[in-house]
Amino acid sequence: MLHYPNINPMGFQLGPITIHWYGLLEIISFIIATLWLIRRGRRPHTPWKKSAVVDLEFYVAIGAILGGRVGYVLWYNLPYYVQHPLHMLYIWDGGMSFHGGLLGVVLACWVFARGNPEHSFLPTLDFIAPAVPIGLGLGRIANFVNDQLFGRVSHLPWAMVFPAGGPQPRQPSQLYEFLLEGVLLFLILAIYSRRPRPVGAVGGLFVFCYGVFRFLVEFVRQPDIQLGFVLGPLTMGQVLSIPMILLGPVIIWWAYRGGFAADPAGAPAAVEAAAE
């Protein structure tokens with residue numbers, strides 16, 4: 001059994017302002033993702049100006065925060081927020097849903113594309129998708145530091161006693177998610193997107209891989225206390241991931257058939273290059 005490091009969730013303090021590790025790591029993730037996307041934008045098959053990348057990241061940040069909060073309210077704790085509607089605004093108290101955040105990011109990319117005709121919707125999603133695991137990975141590290149979203153009781157050699165999880169050792173599921181949703185997913189998408197791909201293929205691969213990784217980790221992650229298991233042995237995270245597992249391959253298949261080629265942003269050229 002390993003010892004939980006019990007890191008102070010408050011990173012540092014600037015006068016009366018307390019900076020928590022969760023918020024700090026999220027800010028760092030957006031900075032890293034922005035810098036990496038600026039570099040990727042210099043490639044011939046993904047031409048993006050620096051100013052456009054910065055604007056896109058602003059839209060994505062807003063979409064992720066709003067979508068993540070709305071998703072959590074609707075899917076994870078709706079009865080509580082119906083009784084305490086003002087608490088929906090208390091983001092600093094925690095409570096974010098990745099699946100809601102994903103929908104928020106998709107909507108943000110659509111709004112961005114509407115205002116930037118040179119970057120249409122689907123290619124924008126393909127461009128941003130490989131950077132999303134950066135935020136996911138650092139977010140899971142923040143969950144570990146905050147002593148939250150830990151795993152189920154286990155006696156594996158690397159199990160830990162989390163202060164908020166009671167006296168029994170538990171699986172460090174946050175670290176599993178960091179490795180799968182963060183490191184591995186980033187490598188898969190970064191390598192796959194290095195060459196031109198049909199429009200929609202990179203986004204479809206993200207949807208499928210995340211759905212699979214999240215579904216698997218949920219088997220060792222402690223279900224949300226206010227929900228428990230929602231469909232037989234399945235948690236809410238697994239139920240929300242099933243559509244992603246089913247939809248991802250369909251998106252990839254349709255992309256390689258040229259089904260998204262009508263999307264106006266150099267899509268035919270991408271399909272042609274991918275077929276070489």
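About the thresholds
Residues numbered from 1 in each chain as written. Predicted model: local features only at pLDDT ≥ 70, side-chain atom pairs only at ≥ 80, totals over all residues. Heavy atoms only, no water. Helix = DSSP H or I, 4+ residues; strand = E, 2+ residues; numbered from the N terminus. Buried < 20%, exposed > 50% of the residue type's maximum accessible area, 1.4 Å probe, protein only. Core = buried A, V, L, I, M, F, W, Y, C linked by side-chain atoms within 4.5 Å. Contact = heavy atoms within 4.5 Å. Axes fitted to C-alpha atoms, helices over the stretch in contact; angles between N-to-C directions. Parallel < 35°, antiparallel > 145°, perpendicular 65-115°, else oblique. Left-handed = near helix turned anticlockwise from the far one by under 90°. Salt bridge = Lys/Arg side-chain N within 4 Å of Asp/Glu carboxyl O.

## Notes on the environment of H3
Thinking step 1. Relative to the helices and strands, H3 is located in the segment before β1 (10-14).
Thinking step 2. A sequence separation of 227 residues divides H3 from V230, and the C-alpha atoms of the two residues are 32 Å apart.

## Observations regarding the environment of S120
Thinking step 1. Relative to the helices and strands, S120 is located in the loop between α4 (98-115) and α5 (121-128).
Thinking step 2. According to the relative accessible area criterion, S120 is buried, its value standing at 8%.
Thinking step 3. Taking the C-alpha atoms as reference, S120 lies 8.0 Å from W110; in sequence the two are ten residues apart.

## Topic: the nonpolar core
Thinking step 1. The biggest cluster of nonpolar side chains holds 20 residues, and the ones touching the most others in it are L37, W48, L56 and C109.
Thinking step 2. Among residues more than four places away in sequence, those in contact with L37 are V53, E57, F127, I128 and A131.
Thinking step 3. Ranked by size, the runner-up nonpolar core spans 17 residues in total, among them Y192, A201, V202 and Y210.

## Focus: the packing of α4 against α5
Thinking step 1. At a minimum axis distance of 9 Å, the contact between α4 and α5 shows a crossing angle of 130 degrees. Looking at the two axes, α4 sits oblique to α5. Crossing of α4 against α5: the hand is right-handed. Residues V106, C109, W110, F112 and A113 of α4 pack against F121, T124, L125 and I128 of α5.

## Some remarks on the pattern of salt bridges
Thinking step 1. Summed over the entire model, instances satisfying the criterion amount to six salt bridges.
Thinking step 2. Of the charged contacts in the structure, one is a salt bridge between R140 and E177, with a shortest N-O distance of 3.3 Å. Of this pair, R140 sits in helix α6 (residues 132-145) while E177 sits in helix α7 (residues 173-192); the two residues are 37 residues apart in sequence, bridging distant segments of the chain.
Thinking step 3. Salt-bridge contacts for R221 lead to E177; the nearest nitrogen and oxygen are separated by 3.3 Å.

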